[in-house]
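Below, each chain spelled out in residue letters.
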Amino acid sequence: MNILIPLLILVPLASALVIFFSGPRAKAMVPFGMLAAALTLLLSIGLCFQVYQAPSTLTQNAGAAQATIAPKVSFISETLRFVLPVSVAGQPIDWQLSFGADGISALMVLLTGIVGFFTVWLASSQIRVRTETYIGLLLVAISMLMGVFLSMDLLSFYIFFEAVLIPLILLIHGWGDGKNPQAASKRFLLFTLAGSIPMVVGLISLAMAPLANGQPSTVAFSELSAIAAQAASSGVPIGSKDSWAVWLLLLGFGIKLAILPLHTWLPMTYAAAHPNTTSLIASVVAKLGLYGLLRIVIPLTPVALSIEAQLVVGTLGAIVIVYGALVALSKDNMREVLAFSSLSHVGFITLGLMSMTREGLGGAALQMFNHGLITAAMFWILSMLEQRHGPIRLRSEDQGMAAQYPKLAVLLVFFTLAGAGLPGLNGFVGEFLTLSGMMRVCTTLVAIAVLGTVLGAWYGLRIVQRLLFGSNGTRYDNHNRPLAGVDLRAQEWIP
Amino acid sequence: MQITKAAATHLTPEIILLIGGTLVMCASVLRGKSQREDIYAQRNNYAVASLICLLAAIAARYYRGVPEIGNADLGLFRFDASALAAERLTFLGGMILILMSWSTAPKGRLAEYYGCLLIILAAIPIVGASNDLVSMFLGLELVSFPTYILLGIVRNDNAGAEASLKYFLLSAFASCFFLLGVSYLFGFCGSTNLAVIQGSFGEGKRLMALGLLLAICGLAFRITAVPFHFYAPDVFEGTSVTMAGVMSYLPKVAGFVALIRLLGTGTLSPGASGVVIPVLLVCAALTMCIGNILAVAQNNLRRMMAYSSVAHTGYLLLALVALIRQDASPGVMYSYLAAYAAMTLGLFACLGEIEAAGGKSHLIGDLSGMFQRRPAASIGLTVALISLIGLPFTAGFWAKFMVFVGTVADRQTDSISMLMGALMAINAVIAASYYWRILSTLYAKSESNVPLRVFRPSLFFAYTICTVLTILWFFVPSAM
């Protein structure tokens, strides 16, 4: 019974409610929101410590893909038992919700805590209208994200997965400053629902799978993964059973991670939403699809995840790497460039996941965290630059911002290089691991992906060149306000 | 065929409502022409009287307790979980509808209005408890006739006349279908008792299936299933907001309860189900798709809600099929209807409050910027719409989720079930697009920012109850 877990979900939610109902004292609520976000960050750090100090109970004998999910710390309460007024095949449905954290979820919780805190922090200076409501909605989103990452059963996973939508569409709709935030939020809603509603069919069939063996239906990851591991070891031929359920799950998570034919919501949303909102979406929310693959599809359906599915999604991942990079090269709206570069990087993670090897999965988990930080940082920098300059276009002329904002310029170069996978910065480790994992499965895909890294360096350097250098930037002289360097420097602990 | 004493005892709540309805209707005659009281006092009197009748009925049910006899009384009536669930749904909806009517009922005809409403509320539990084609038909007609009157009296213009005439003619037509089917069933089985009829389903003759299909056609009209949905948009548009709430909810409850009673659960023979289930599935698929696609095209809020109500019928039909096939408990459908009551009646109550406060709610555009003008009603609308989309932390989430469970579960190898599940998923996404349109209009910036300040406590209570229930039922789905 771990008290940190409910606190991580409830603290941001409760403070958001306080903010919404604060009425006339709303203006004073901005520091309160920041305090709540800071508290959440502290809690997530605490959870991380607990998880990594807990004795390892994981017996890794059959490779990561077949390992059962065993949370290191868990929170299971009898009060969180859902008895639905429906019975199937004479069996009442009685599902126990459970929450917990293992290594992967702790990493994602930490990412949410960090990104959430800085997003709220920057919101206080970036968002001019209805700041307190914005912060409240951000806190709700953080709470829901924590719920997704901490859930240890299909039902609570799905509830929180869907619930993340509500604050996000409101954030995009209400505070978007791009061309058409209304259309973007609608597209975001519809695309995500188009993925998640078919997904629920897959999830239900997963939960009902034990019924075939005469066991009661369950939603707990630990039990389901044990059943799946058993099925895998008993040598049922791969792809024989439940394959449609896996395809539905892949569709749902694929839309969330914006895999190639389903990606059109992503650039539109990123371009329309405020960069501060986008930093949360790009760094954490876009990882939900990957987290779902890692948490549900791979461990729970080893028998059903056929080699075709693995290759199809892997190939799409590889294509998306190159496609994203190429489009990023051709766009000149800075927001869209970042959106497509983010798309391209998510492709690497998909590739690593679909390798289903231990290197690939580990690399993917690491890269999820690292890419989250890098993307969030890029969008924060963009948000600060836009605050000073208005919309940033790369093609207009060389802007020479380095002369005006030397500190921001250093950070931008730093994160661009990290994103491009320069050895010594965090982007490298994850990319290398994912590619070496995929190497065992399909060399062709790795070859395509490596092409993507070259292109990645290209568009990264293009940003740096166009934006920072090339002129002395004398047109703007009064804009050199003191930078929000304090909150950025805290980021520099990245490995 | 006679009403036993036990049955009469268990029907006490309905009897109270029938008598109450009749008395309320007589009240206007007894009071004569002395219209000295102002309209507010009259409104209060009639609404309070109706509420007292309803509360007395609920109290009678509690006082009598839940009948223990189960299936024992197999005469005209049967009191089992289904009957009680139907009663609960009706009383829940009735409570909200009376609150909604409080300030929206037509001025000159208060007595008739509340009388008819109470009689409808009495009739639906009778349908739910019926164990005989005769009592079921009587119950259904007892729902229909007051509805004709209500549609006729709430509006005195052309649209109102069109709505009431259209509903009257088509409803009479549907009743004829139902009677024709019933006559086949009677001719085949030699009895009007549903237990007997369901017992002879096993013989599985074509004639039986034909009779069932005709009866289903008659009921499909009440639940606005395609292809019997044509009246819905016109009727919704041509009547008051409260009456639109009545039309979207009460006939649906009556129709579905009758369907559950008629088809039974798990009693259909392979022969009969081979005809009935494909028909129901096709009907469900058409109802979902046509309802949702036509709703997207609407600009008129009332017509959109009519098509949305059609679409929800489609989901409920899917749940019904799952119910028939798997011998599952009918809880899915009752929970769905309860959630549907909370969200749809909540939505209509909010619209009603906006209209009562002087705003317009005819077109979607009329709601533009309503959040600034009328925050409380807008929040109620938001919760109702999120619930209609089916997002978490609302009852609508469980409603959709359970239909998915019923449709997909333990039929994994059946490609038809899968297809229906996928179709419903696609439909849910289409539905989200038009609900989102209303939702984004609420928060849009509009040029007229005049706040609507008139406060109607009854409507406020109505949608507060709905909103609270919608959120509460998410956390306690077993109470739905």
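Residues numbered from 1 in each chain as written. Chains lettered and ligands numbered in written order. Predicted model: local features only at pLDDT ≥ 70, side-chain atom pairs only at ≥ 80, totals over all residues. Heavy atoms only, no water.

## Some remarks on the overall build of chain B
Counting its secondary structure elements, chain B contains 19 helices and zero strands. Taking all 480 residues of chain B together, the buried fraction comes to 64%. Summarising the internal contacts of chain B: among those between residues at least 6 apart in sequence, 81% fall at separations of at least 24. As presented, chain B carries roughly 16,600 Å² of accessible surface, and 67% of it is formed by carbon and sulfur atoms. (Helix = DSSP H or I, 4+ residues; strand = E, 2+ residues; numbered from the N terminus. Buried < 20%, exposed > 50% of the residue type's maximum accessible area, 1.4 Å probe, protein only. Contact = heavy atoms within 4.5 Å. Areas by Shrake-Rupley, 256 points an atom, 1.4 Å probe, with all protein chains shown as cover.)

## Focus on the overall build of chain A
On a plain count of helices and strands, chain A comes out with 20 helices and four strands. When the 495 residues of chain A are sorted by exposure, 63% land in the buried category. A sequence separation of at least 24 residues applies to 81% of the contacts in chain A between residues at least 6 apart. Summing over all exposed atoms, chain A offers an accessible surface of approximately 17,100 Å²; the carbon and sulfur share of this is 66%.

## Some points on the environment of Ala8(B)
Residue and element names in this part refer to chain B. Structurally, Ala8 can be placed in helix α1 (residues 5-10). Look at Ala8 and you get partly exposed, because its relative accessible area is 30%. Taking the C-alpha atoms as reference points, Ala8 and Phe77, separated by 69 residues in sequence, lie 9.3 Å from one another.

## Here we look at helix α3 (residues 103-126) of chain A
Count 3.6 residues to each turn of an α-helix, and residues three or four apart come out pointing the same way. In this model α3(A) runs 34 Å from its N-terminal to its C-terminal C-alpha over 24 residues, within 8% of the 34 Å that 1.5 Å per residue would give. Counting buried positions over the 24 residues of α3(A) gives 19, a clear majority of the element. (Expected span 1.5 Å × (residues − 1).)

## Looking at the pattern of salt bridges
Residue and element names in this part refer to chain B. Summed over all chains, the structure comprises 12 salt bridges over all chains. Residues Glu162 and Lys166 are paired through a salt bridge, measuring 3.2 Å at the closest nitrogen-oxygen approach. One end of the pair, Glu162, and the other, Lys166, are both in helix α7 (residues 158-189), four residues apart, so they sit about a helical turn from each other. Each of Glu162, Lys166, Asp234, Glu237 and Arg303 takes part in one network of salt bridges that share partners. (Salt bridge = Lys/Arg side-chain N within 4 Å of Asp/Glu carboxyl O.)

## Here's the deal with the interface of chain A and chain B
The partner chain B presents 37 residues to the 40 residues of chain A that form the contact. For the chain A and chain B pair, buried surface summed over both sides reaches about 3,300 Å², with 82% attributable to carbon and sulfur atoms. Our enumeration of links across chain A and chain B arrives at zero salt bridges. Within the residue set of the side of chain A that touches chain B, elements represented by two or more residues are β2 (81-88), β3 (91-96), α5 (154-163), α6 (165-175), α7 (181-208) and α9 (243-256) of chain A. With 14 residues, the top contributor of residues to the side of chain A that touches chain B is α7(A). Of the residues assigned to the side of chain A that touches chain B, the class counts are 31 nonpolar, five polar and four charged. (Buried area = accessible area lost by both parts, 1.4 Å probe. Nonpolar A, V, L, I, M, F, W, Y, C, P; charged D, E, K, R; others polar.)

## Let's talk about unusual backbone geometry
A negative phi holds for most residues other than glycine; trans holds for most peptide bonds. All names here are of chain B. The omega torsion across Val226 and Pro227 is 5 degrees, close enough to zero to call that bond cis. The backbone of Thr224 shows a phi angle near 50 degrees, a positive value even though the residue is not glycine. Examined against the element boundaries, Thr224 turns out to sit in the loop between α9 (206-222) and α10 (231-237). Under the relative-accessibility criterion, Thr224 is labelled buried at 4%. For Phe393, which is not glycine, the phi torsion reads 70 degrees and is therefore positive. Locating Phe393 in the fold gives a position in the loop between α16 (375-389) and α17 (395-408).

## Some remarks on the side chain of Arg261(B)
Residue and element names in this part refer to chain B. Along the polypeptide, Arg261 turns up in helix α11 (residues 241-263). Overall, the relative accessible area of 6% leaves Arg261 in the buried class. Setting aside residues no more than four positions away along its own chain, Arg261 makes contact with Arg78, Asp80, Ser82, Ala83, Val127, Gly128, Ala129, Ser130, Met136, Leu194 and Gln198.

## A few points about the environment of Arg187(A)
Residues and elements named next belong to chain A. The topology assignment puts Arg187 in helix α7. Exposure remark for Arg187: the relative accessible area of 33% places this residue in the partly exposed category. Separated by 81 residues in the primary sequence, Arg187 and Met268 have C-alpha atoms spaced 8.3 Å apart.

## A short note on the packing of aromatic side chains
Residue and element names in this part refer to chain A. Inspection of the entire model under this criterion finds 41 aromatic pairs over all chains. Here Phe117 and Trp121 contribute two aromatic rings whose centre-to-centre distance is 5.7 Å and whose plane-to-plane angle is 50 degrees, an arrangement assigned as tilted. Highlighted residues: Phe117 and Trp121, both in helix α3, separated by four residues, approximately one helical turn. What makes Phe117 buried here is its relative accessible area of 13%. Between the aromatic rings of Phe118 and Trp380, the centroid separation amounts to 5.8 Å while the plane-to-plane angle is 65 degrees, which identifies the pairing as edge-to-face. (Phe/Tyr/Trp six-rings, centres within 6.5 Å; stacked < 30°, edge-to-face > 60°.)

## So, the nonpolar core
Counting residues in hydrophobic clusters, the biggest one holds 332 residues, and the most contacted among them are Leu47(A), Leu154(A), Ile296(A), Leu317(B), Leu320(B), Trp398(B) and Phe401(B). Take this core: its biggest share by element is 18 residues, from helix α14 (residues 331-356) of chain B. Judged by nonpolar contacts, the second largest core, of 10 residues, contains Ile321(A), Met438(A), Cys442(A) and Leu445(A). (Core = buried A, V, L, I, M, F, W, Y, C linked by side-chain atoms within 4.5 Å.)

## Examining the confidence of the model for chain A
All names here are of chain A. Per-residue pLDDT for chain A averages 75, and the proportion of residues at 70 or more is 75%. No element of chain A has a lower mean pLDDT than helix α20 (residues 485-489), at 38, and none a higher one than helix α4 (residues 131-150), at 89. Low pLDDT, under 50, characterises residues 58-66; the stretch is placed with 13 contacts to residues that sit more than four places away or in other chains. Scored below 50 in pLDDT, residues 471-495 shows 45 contacts in the model against residues more than four places distant or in partner chains. (pLDDT = per-residue confidence, 0-100.)

## As for the packing of helix α12 (residues 287-300) of chain A against helix α14 (residues 334-355) of chain A
Residues and elements named next belong to chain A. Interaxial distance between α12 and α14 falls to 10 Å at its minimum, and their mutual angle equals 5 degrees. When the interaxial angle is binned, α12 and α14 end up roughly parallel. Of α14, the residues touching α12 (which contributes Lys287, Leu290, Leu293, Leu294 and Ile298) are Val346, Ile349, Thr350, Leu353 and Met354. The residue inventory of the contact of α12 with α14, partitioned by class, reads eight nonpolar, one polar and one charged. (Axes fitted to C-alpha atoms, helices over the stretch in contact; angles between N-to-C directions. Parallel < 35°, antiparallel > 145°, perpendicular 65-115°, else oblique.)

## Re the state of the cysteines
Within this structure, the stated rule accounts for zero disulfides over all chains. Distance from the sulfur of Cys283(B), which forms no disulfide, to the nearest cysteine sulfur (Cys217(B)) is 8.3 Å. (Disulfide = S-S within 2.5 Å.)

## Regarding α16(B)
Residues and elements named next belong to chain B. Taking 1.5 Å as the rise per residue, α16 with 15 residues should run 21 Å; its terminal C-alpha atoms sit 21 Å apart, in good agreement. Most of α16 sits inside the fold, with 12 of its 15 residues counted as buried. Trailing α16 by a residue or two, Gly390 shows a phi angle of about 100 degrees, which is positive.

## Thoughts on the packing of helix α5 (residues 110-129) of chain B against α11(B)
Think of two packed helices as two axes; the pair is described by the angle between the axes and how far apart they sit. All names here are of chain B. Where α5 meets α11, the axes come as close as 8 Å, and the angle between the chain directions of the two elements is 20 degrees. Classed by the angle they form, the pair α5 and α11 counts as roughly parallel. Of the two possible hands of crossing, α5 and α11 adopt the one that is left-handed. Of the residues in α11, those in contact with Tyr113, Leu117, Ile120, Leu121, Ile124, Val127, Gly128 and Ala129 of α5 are Thr242, Val246, Leu250, Val253, Ala254, Val257, Ala258 and Arg261. Of the residues that constitute the contact of α5 with α11, the class distribution is 13 nonpolar, two polar and one charged. (Left-handed = near helix turned anticlockwise from the far one by under 90°.)

## Overview of the environment of Thr416(A)
Looking at the secondary structure, you find Thr416(A) in helix α17 (residues 406-420). Separated by 42 residues in sequence, Thr416(A) and Ile374(A) have C-alpha atoms that sit 8.1 Å apart.

## What about a nonpolar patch on the surface?
There is a patch of nonpolar side chains on the surface, built from Val468(B), Ile471(B), Leu472(B), Phe475(B) and Val476(B) and spanning about 420 Å² of accessible area. Considering the arrangement of structural elements, one finds Ile471(B) in helix α19 (residues 457-475). (Patch = residues over 30% accessible without salt bridge, like charges linked within 9 Å, V, L, I, M, F, W, Y side chains within 5 Å.)

## Here's the deal with the side chain of Asp366(B)
Residues and elements named next belong to chain B. Among the secondary structure elements, Asp366 is positioned in the loop between α14 and α15 (370-373). Buried charge without a partner: Asp366 forms no salt bridge, and the closest opposite charge is Lys360, 4.2 Å away. A distance of 3.2 Å separates a polar side-chain atom of Asp366 from the backbone nitrogen of His362. If we skip the residues at most four places from it in the chain, Asp366 touches Lys360 and Ser361. (Lys, Arg positive; Asp, Glu negative; His and termini not counted. Polar contact = N/O pair within 3.5 Å; in protein donor to acceptor, adjacent residues only side chain to side chain.)

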